[in-house]
Amino acid sequence: DAGVIQSPRHEVTEMGQEVTLRCKPISGHDYLFWYRQTMMRGLELLIYFNNNVPIDDSGMPEDRFSAKMPNASFSTLKIQPSEPRDSAVYFCASSPGQAISYNSPLHFGNGTRLTVT
Amino acid sequence: AQSVAQPEDQVNVAEGNPLTVKCTYSVSGNPYLFWYVQYPNRGLQFLLKYITGDNLVKGSYGFEAEFNKSQTSFHLKKPSALVSDSALYFCAVRDRPGKLIFGTGTRLQVFP
């Protein structure tokens with residue numbers, strides 16, 4: 001298994017531009033998570049999906065952020081318009097489904113380092 | 001709400017010495033606790049978990065963790081540290097099916 005795959009690894013953009021981050025979870029995993037990591041705030045859960053349905057988006061900072069999961073093998077996190085304070089490392093993670101979800105660890109991708117100038 | 005606390009921002013230890021990275025938890029109900037490690041420019045990697053059973057949990061790379069219910073702690077330990085263990089370590093607690101809440105992280109520095 002290739003693990004959770006995120007693209008791009010690095011993204012540099014100018015303030016005001018639209019940014020789209022992509023994630024392919026591990027096949028068969030029913031949960032998908034988007035986290036953001038910064039020095040100031042540490043790891044923050046932005047949103048997570050179960051069977052492609054958003055379950056909790058209370059961590060999404062504001063309306064400029066949106067996430068979709070059109071199918072079981074793909075998710076996007078979009079920021080529009082981007083701002084310098086959005087600069088962070090964004091991680092996608094997945095885990096198996098409901099039956100064993102309390103026991104199951106999350107599997108993380110290597111992240112996308114976003115820099116907004 | 002479930003939460004974990006990592007009281008130390010950084011832990012320094014000499015290679016070959018035992019190491020401990022501290023974590024305390026606050027949960028309602030049964031605790032489901034995890035440790036993760038993050039190397040530079042990488043995602044978090046699962047080390048070990050406590051669900052139920054033995055209070056001493058063994059995990060990857062020679063790490064283990066001791067669950068202590070009376071002290072609400074779940075400290076990560078290793079008998080003999082390696083320089084390659086230097087990384088960022090996160091404690092986490094399961095909040096609900098699927099969802100993990102992470103601590104603020106502890107940077108472990110192992111000196112040769």
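Reading the values: the criteria
Starting afresh in each chain, residues are numbered from 1 along the sequence in its written order. Lettering of chains starts at A and numbering of ligands starts at 1, both following the order in which they are written. In view of the model being predicted, local features appear only for residues whose pLDDT reaches at least 70, and side-chain atom pairs are presented and counted only at 80 or more, with totals across whole chains, interfaces and linings using the full set of residues. Values reported for side chains reflect all heavy atoms of the structure, with hydrogen atoms and water molecules removed beforehand. The contact criterion used is simple: two residues touch if any of their non-hydrogen atoms lie within 4.5 Å. Buried area is understood as the total, over both parts, of accessible area removed when two parts are fitted together, assessed with a 1.4 Å probe. By convention in these notes, a salt bridge is any Lys or Arg side-chain nitrogen within 4 Å of a carboxyl oxygen on Asp or Glu. Polar contact is the term for a pair of N or O atoms within 3.5 Å; when the atoms are in protein, one must be able to donate a hydrogen and the other to accept it, and sequence-neighboring residues count only if both atoms are side-chain atoms. The numbering of helices and of strands both runs from the N terminus, where a helix is a DSSP run of H or I of at least 4 residues and a strand a run of E of at least 2. Each residue is assigned to one of three classes by its accessible area relative to the maximum for its type, calculated with a 1.4 Å probe on protein chains only: buried under 20%, partly exposed between the two thresholds, exposed over 50%. By definition, disulfides here are pairs of cysteine sulfur atoms that lie within 2.5 Å. In this analysis, rings of Phe, Tyr and Trp, with Trp reduced to its six-membered ring, are considered paired at centre separations within 6.5 Å, and the interplanar angle assigns stacked below 30 degrees, edge-to-face beyond 60, and tilted for intermediate values.

(A) Quick look at the interface of chain B and chain A. Taken together, the 20 residues of chain B in the interface contact 21 residues of chain A. Buried area between chain B and chain A, summed over both chains or domains, comes out near 1,900 Å², and the portion from carbon and sulfur atoms is 53%. Put simply, chain B and chain A have zero salt bridges between them. Summed over the shared surface of chain B and chain A, the number is six residue pairs in polar contact (both at pLDDT 80 or more). Mapped onto the side of chain B that touches chain A, the elements with two or more residues apiece are strand 5 (33-38), strand 6 (44-50), strand 10 (87-96) and strand 11 (99-102) of chain B.

(B) Quick look at the environment of Tyr61(B). All names here are of chain B. Relative to the helices and strands, Tyr61 is located in the loop between strand 7 (56-58) and strand 8 (64-68). For the pair Tyr61 and Ala14, spaced 47 residues apart in sequence, the C-alpha to C-alpha distance is 17 Å. At 3.3 Å, the side chain of Tyr61 and the side chain of Gln45 are in polar contact.

(C) Structural detail: the environment of Leu43(A). Looking at the element boundaries, Leu43(A) is found in strand 5 (residues 42-50). You can call Leu43(A) buried: its relative accessible area is 11%. Once the C-alpha coordinates of Leu43(A) and Lys24(A) are considered, the two residues, 19 residues apart in sequence, prove to be 20 Å apart. Not counting chain neighbours up to four residues away, the residues in contact with Leu43(A) comprise Tyr35(A), Arg36(A), Gln37(A), Phe91(A), Leu44(B), Phe90(B) and Phe102(B).

(D) Up close: the state of the cysteines. The tally for this structure, following the rule as stated, stands at two disulfides over all chains. One disulfide bridge connects Cys23(A) with Cys92(A), the sulfur atoms lying 1.9 Å from each other. Its S-S torsion of about -65° marks the bond between Cys23(A) and Cys92(A) as left-handed, since a negative value means left-handed. Here Cys92(A) lies in strand 9 (residues 88-95) and Cys23(A) lies in strand 3 (residues 19-24), a separation of 69 residues in the sequence. Just as Cys23(A) is buried, Cys92(A) falls in that class too. Residue pairing for Cys23(B): its cysteine sulfur links by disulfide to Cys91(B), the two sulfurs lying 2.0 Å apart. Of note, the bridge from Cys23(B) to Cys91(B) carries an S-S torsion of about -60° and is left-handed in sense. Of this pair, Cys23(B) sits in the loop between strand 3 (19-21) and strand 4 (24-26) while Cys91(B) sits in strand 10, and the two are 68 residues apart along the sequence. With respect to burial, Cys23(B) and Cys91(B) carry one shared label: buried.

(E) Structural view of the packing of aromatic side chains. In this structure the tally under the stated criterion is 17 aromatic pairs over all chains. Ring pairs connect the aromatic residues Tyr31(A), Phe33(A), Tyr35(A), Tyr48(A), Phe91(A), Phe108(A), Phe34(B), Tyr36(B), Phe46(B), Phe90(B) and Phe102(B), which therefore count as one cluster.

(F) Layout of unusual backbone geometry. Cis geometry is found at the peptide bond from Ser7(A) to Pro8(A), where omega equals -10°. Tracing the backbone through its elements, the reader meets Pro8(A) in the loop between strand 1 (5-7) and strand 2 (10-13). For the bond running from Gln80(A) to Pro81(A), omega is -10°, close enough to zero to count as cis. Mapped onto the secondary structure, Pro81(A) falls in the loop between strand 8 (74-79) and strand 9. Not every positive phi belongs to a glycine, and Asn51(A) is a case in point at roughly 50°. For Asn51(A), a relative accessible area of 47% translates into the label partly exposed. Within the chain, Thr72(B) stands out as a residue other than glycine whose phi angle is a positive 45°. Along the chain, Thr72(B) turns up in the loop between strand 8 and strand 9 (73-78). Residue Thr72(B) is classed as partly exposed on the basis of its relative accessible area of 32%.

These figures capture arrangement, not role.
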